[in-house]
Amino acid sequence: MKPELALCALGALDGDMDALLAYTGNAFQPRRNIGGDDDLSPQWPAMWNKVQAVCALPPRLELFASAAGVIPIVYPGSVADFEKLLREIVYKGRDIPPLIEKMGAQFLSGKTLRFIILSGKPYSGVQAAEMGLAETEWLEKSMIIRKHHECAHYYTKRFLGSSRNNLHDELIADFCGLYAAFGTYRAEWFEKFFDIRFGIYTKDLSVTAANVIRTLASAAAKGVEAWSKTEEFTRLDEAGRIEALAGKDLLAYVGDQKTC
């Protein structure tokens, strides 16, 4: 189906069409063979010393072997330390997001230095009861989701040339996180999390265009859930799954529901 017809099937208005075509366009590139550079940056020891100096409680460090290579993951000892790291190291006192208390993770990627900071907050602010889990179990699952979510962003940025605040990116990253945490994927979980963060990923769209993206998110999540139960899926490792999801256009999840 042509992109315009797929958007029309989702209820797009003529005035929103250009913005929606831009939003739903696939920004991922064919995988780049950039060679191996899994060694930690020479700048990392100094950064780790700075992280420890900023934190009131001793942070924990994991050198995680992600699908994109080894990356340092910092676990602050408290939510207060997590937010202090964001203020003093990530944003350096400038351009601090107004809702920093709602953030639960941060991926930093420069030319030579990259690392991830994870908080111990419930994922997307969802409470354990909403997931049908005990609080301790949900906090453990939340940490796994966050780790694999941020590592998926690292993979697409490093190998596929893009990492954005966009439905396509979040579909991939949440899929990786949820599958790592639960060993399965359910569309309703993704829709719950995406709905909470919805304003972040549609902030440049009109209300009517944003509603189209909400409908598309539901269709895409259901499509990914169906795919996760196929033989093709079981043959892929995490990197292969990321690349398969990145290679499928968002609008390919739209059925032929109606015409303009």
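Everything in this summary refers to the structure shown in the same document. (Residues numbered from 1 in each chain as written. Predicted model: local features only at pLDDT ≥ 70, side-chain atom pairs only at ≥ 80, totals over all residues. Heavy atoms only, no water.)

The strand order β1-β2-β4-β3 describes an open sheet built from four strands, whose pairing is mixed. In this open sheet, the two edge strands, each paired with only one partner strand, are β1 (60–66) and β3 (105–109). Neighbour to neighbour, the strand axes of the sheet diverge by 25 degrees on average, direction disregarded. Relative to the sheet, helix α3 (residues 44–54) contacts β1, β2 (69–75) and β4 (114–118), its axis offset from that of β2 by approximately 15 degrees. Across the sheet, helix α6 (residues 135–159) touches β1, β2, β3 and β4, and the angle it forms with β2 is around 140 degrees. (Pairing = 2+ DSSP bridges. Helix = DSSP H or I, 4+ residues; strand = E, 2+ residues; numbered from the N terminus. Axes fitted to C-alpha atoms, helices over the stretch in contact; angles between N-to-C directions. Contact = heavy atoms within 4.5 Å.)

Judged by nonpolar contacts, the single largest core of 67 residues is most densely connected at W138 and L167. A total of ten residues in this core trace back to one element, the largest contributor, which is helix α10 (residues 207–227). Beyond its immediate stretch of four places on either side in the chain, L167 contacts Y23, F190, F194, I213, L216, A217 and L250. Counting 19 residues, the second largest nonpolar core, distinct from the first, contains V54, V74, F82 and L113. (Core = buried A, V, L, I, M, F, W, Y, C linked by side-chain atoms within 4.5 Å. Buried < 20%, exposed > 50% of the residue type's maximum accessible area, 1.4 Å probe, protein only.)

The tally for this structure, following the rule as stated, stands at 16 aromatic pairs. Pairing W138 with F193 gives two aromatic rings, centres 6.2 Å apart and planes at 10 degrees, and the pair type is stacked. Placement of the pair is W138 in helix α6 and F193 in helix α8 (residues 187–196), with a sequence separation of 55 residues. Its relative accessible area of 1% is what places W138 among the buried residues. (Phe/Tyr/Trp six-rings, centres within 6.5 Å; stacked < 30°, edge-to-face > 60°.)

Moving on, we get to the pattern of salt bridges. Tallied over the full model, the rule gives twelve salt bridges. Of the charged contacts in the structure, one is a salt bridge between R164 and D169, with a shortest N-O distance of 3.2 Å. Using a relative accessible area of 2% as the deciding quantity, one classes D169 as buried. If you follow the salt bridges from partner to partner, you end up with E170, D174 and R197 in one network. (Salt bridge = Lys/Arg side-chain N within 4 Å of Asp/Glu carboxyl O.)

A separate point is the environment of Q106. Along the chain, Q106 falls in strand β3. Sequence spacing of Q106 and R146 is 40 residues, and the spatial spacing of their C-alpha atoms is 9.4 Å. Every residue in contact with Q106, bar those within four places of it in the chain, is listed here: L86, V90, Y91, F115, I116, I117 and E150. Polar contacts involving the side chain of Q106 include one to the side chain of Y91, which spans 3.4 Å. (Polar contact = N/O pair within 3.5 Å; in protein donor to acceptor, adjacent residues only side chain to side chain.)

Worth remembering: the numbers are spatial, not functional.
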